[in-house]
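# Summary of the model geometry
One letter stands for each residue in the lines below.
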Amino acid sequence: MSSALADLSPHPIVQAPMAGGVSVPRLAAAVSEAGGLGFLAAGLKTADGMYQEIKQLRGLTGRPFGVNVFVPQPEYAESGAVEVYAHQLAGEAAWYETELGDPDSGRDDGYDAKLAVLLDDPVPVVSFHFGVPSAQALESLRRAGTYTLVTATTAEEARAVERAGADAVIAQGVEAGGHQGTHRDSLENDGAGIGLLSLVAQIREAVGIPIVAAGGIMRGGQITAALAAGASAAQLGTAFLATPESGAPDVHKQALTNPLFARTELTRAFSGRPARGLVNRFLREHGPYAPAAYPEIHHLTSPLRKAAAKADDAQGMALWAGQGHRLARELPAGRLVELLAAELADARTALSRLLGPGGDRR
């Protein structure tokens, strides 16, 4: 691990910031206390809501932690496509006895207000998703003593992250659960995602800043593989989603290992942006018709998702999960960090024995 990342957490294990109420303070605290790097998800929250969670987290741990922020998205011009999709979802609204949300509820996710809070009362780490913040914003955070990371899904995006002045890049493979952090959301790029190990290798040759590998990692041996490919640490989301400290609904946690949900797909059905989730009825019926319109579609479907969760209806929820979801373990978050670290150490020992003292395979 790079010295700066090693100073943040003893283990090269980062808990992914999962928006929507999953990455709550108790989860981030448990991970940080166990020697990983816990994260809060500021996405889909107000600036004050983010601040209150930061205060709560500081009351639970004195160890370093991070906060993730969504970068504002460009204007979406084809409002007609959103209206057509809203018409298609009318039956869902009737079924759940709710109204569809207002697609024009806001685009910037309170970005400037959140940055102001994070500069006024700095946290150890801030990461960004859905694009690259300005060089000025990154420099301001650095002067405040904050370590910065930005998600990239290609080597080209990683170069943009380095040029902007981020301290490290999160290489997000196509295996990752939840939203892909692509910088330019385009229908032409759907299905063109890169597997994690190939992506880490490509980014390692493209930039000189540290890499955090993210996507489908559920075991310590996989962390070892990511480190061998050139990463300095690994970020895990789905692995922590099943923990008791996670804020995910129980029906979501149970679905991870339920044989009824055998696979995942990238879909725009729930938010208008590519995101990987367990294949359920809503995804199958509406995914093929959802336009590339984030956050309009997110706002539109929000009441439907909330109603489905209230009814414990997994077939109507956004069951975000990575490709390794069947490997989820129902362990306390701190215990999971300890187990991952032990698996990582075992894998490193086994690899060392395999290669021998000279580094050549025996």
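Residues numbered from 1 in each chain as written. Predicted model: local features only at pLDDT ≥ 70, side-chain atom pairs only at ≥ 80, totals over all residues. Heavy atoms only, no water.

### A look at the environment of T243
Among the secondary structure elements, T243 is positioned in the loop between α11 (238–241) and α12 (250–255). Overall, T243 belongs to the buried group, its relative accessible area being 0%. For the pair T243 and H298, spaced 55 residues apart in the sequence, the C-alpha separation amounts to 26 Å. The contacts of T243, once residues within four sequence positions are left out, are L27, K253, L331, P332, A333 and L336. (Helix = DSSP H or I, 4+ residues; strand = E, 2+ residues; numbered from the N terminus. Buried < 20%, exposed > 50% of the residue type's maximum accessible area, 1.4 Å probe, protein only. Contact = heavy atoms within 4.5 Å.)

### Some details on the packing of aromatic side chains
Under the defined criterion, the tally for this structure stands at 5 aromatic pairs. Summarising the aromatic geometry, the rings of F70 and F130 are spaced 4.7 Å apart at their centres and angled 45 degrees between planes, so their arrangement reads as tilted. One end of the pair, F70, is in strand β3 (residues 65–70); the other, F130, is in the loop between β4 (125–129) and α7 (135–143), and 60 residues separate them in sequence. Look at F270 and F282: their rings are 4.7 Å apart centre to centre, the planes differ by 20 degrees, and that puts the pair in the stacked class. With F270 in the loop between β10 (264–267) and β11 (275–278) and F282 in helix α13 (residues 281–286), this residue pair connects regions lying 12 residues apart in the sequence. With relative accessibility at 2%, the residue F270 sits in the buried group. Its relative accessible area of 1% is what places F282 among the buried residues. (Phe/Tyr/Trp six-rings, centres within 6.5 Å; stacked < 30°, edge-to-face > 60°.)

### Comments concerning empty space enclosed by the protein
Under the defined criterion, the tally for this structure stands at 1 cavity of 30 Å³ or more. Roughly 30 Å³ of internal volume is contained in the largest cavity. As for the largest cavity, its lining consists of M218, R219, A239, L327, A328, R329 and L336. (1 Å grid on protein atoms, 1.4 Å probe; cavity = no way out; pocket = protein on both sides within 12 Å on 5 of 7 lines; lining within 4 Å. Points joined across faces, edges and corners; volume = space filled by probe spheres on them.)

### Some points on α7
Of the positions making up α7, those classed as buried are A137, L138, S140 and L141. Here the buried residues of α7 occupy an arc of 160 degrees about the axis, which is enough to place them on one side. Counted as exposed and oriented over 90 degrees from the buried face of α7: Q136 and R143. Residues of α7 that are buried make contact with α6 (111–120), β4, β5 (147–152) and α8 (155–164). (Arc of directions from axis to C-beta.)

### Points about the sheet that holds β10
Each strand in a sheet pairs with its neighbour through backbone hydrogen bonds, running either in the same direction (parallel) or in the opposite one (antiparallel). Overall, antiparallel pairing links the 3 strands, which are arranged β7-β11-β10 in an open sheet. In this open sheet, the two edge strands, each paired with only one partner strand, are β7 (178–179) and β10. In this sheet, β11 lies alongside β10 in antiparallel orientation, the contact comprising 4 bridges. By the bridge assignment, T267 is partnered in β11 with A275. (Pairing = 2+ DSSP bridges.)

### Quick word on the packing of helix α10 (residues 220–229) against helix α15 (residues 333–355)
The N-to-C vectors of α10 and α15 enclose an angle of 60 degrees; their axes lie 7 Å apart at closest approach. On the basis of their axis angle, the class for α10 and α15 is oblique. For the pair α10 and α15, the sense of crossing is right-handed. Each of G220, G221, I223, T224 and L227 in α10 lies in contact with α15, whose residues at this interface are L340, E343, L344, A347 and R348. (Axes fitted to C-alpha atoms, helices over the stretch in contact; angles between N-to-C directions. Parallel < 35°, antiparallel > 145°, perpendicular 65-115°, else oblique. Left-handed = near helix turned anticlockwise from the far one by under 90°.)

### Some words on the layout of surface pockets
Remark: the empty space left among the atoms is shown by a probe the size of a water molecule rolled over them. In this structure, the largest pocket occupies an estimated 1000 Å³ of space. Among the elements that make up the lining of the largest pocket, the one with the highest residue count is helix α14 (residues 296–310) (5 residues). Grouping the amino acids of the lining of the largest pocket by side-chain chemistry returns 24 nonpolar, 22 polar and 2 charged. One number sums up the size of the second largest pocket: a volume of about 550 Å³. Lining the second largest pocket we find 29 residues, and of these T182, N189, D190, A192 and P274 sit closest to its centre. A class-by-class count of the residues in the lining of the second largest pocket yields 9 nonpolar, 13 polar and 7 charged. (Nonpolar A, V, L, I, M, F, W, Y, C, P; charged D, E, K, R; others polar.)

### Some thoughts on the pattern of salt bridges
One pass over the full model with this rule turns up 14 salt bridges. Here D121 and R58 are joined by a salt bridge, their closest N and O atoms 2.9 Å apart. Taken together, the residues span a long stretch of sequence, with D121 in the loop between α6 and β4 and R58 in helix α3 (residues 47–58) at a distance of 63 residues. When its relative accessible area of 26% is taken as the criterion, D121 is described as partly exposed. Of the residues examined, R58 reaches a relative accessible area of 30% and is grouped as partly exposed. The partner of E343 in a salt bridge is R329, with the nearest N and O atoms 2.7 Å apart. Of this pair, E343 sits in helix α15 while R329 is found in the loop between α14 and α15, placing the two residues 14 residues apart along the sequence. Look at R329 and you get buried, because its relative accessible area is 16%. Taken together, the shared-partner salt bridges in this structure form one network comprising E139, R142, R143 and D167. (Salt bridge = Lys/Arg side-chain N within 4 Å of Asp/Glu carboxyl O.)

### Looking at the sheet that holds β4
Pairing is parallel in the open sheet, where 8 strands are placed in the order β1-β9-β8-β6-β5-β4-β3-β2. One side of each edge strand has no neighbouring strand; the edge strands of this open sheet are β1 (13–15) and β2 (38–41). Taking the axes of each pair of neighbouring strands and ignoring which way they run, one obtains an average angle of 25 degrees across the sheet. Examined bridge by bridge, β3 and β4 share 5 bridges and lie parallel to one another. Bridge pairing links F70 to H129 in β4. With respect to the sheet, α6 is in contact with β3 and β4, its orientation differing from that of β3 by roughly 160 degrees.

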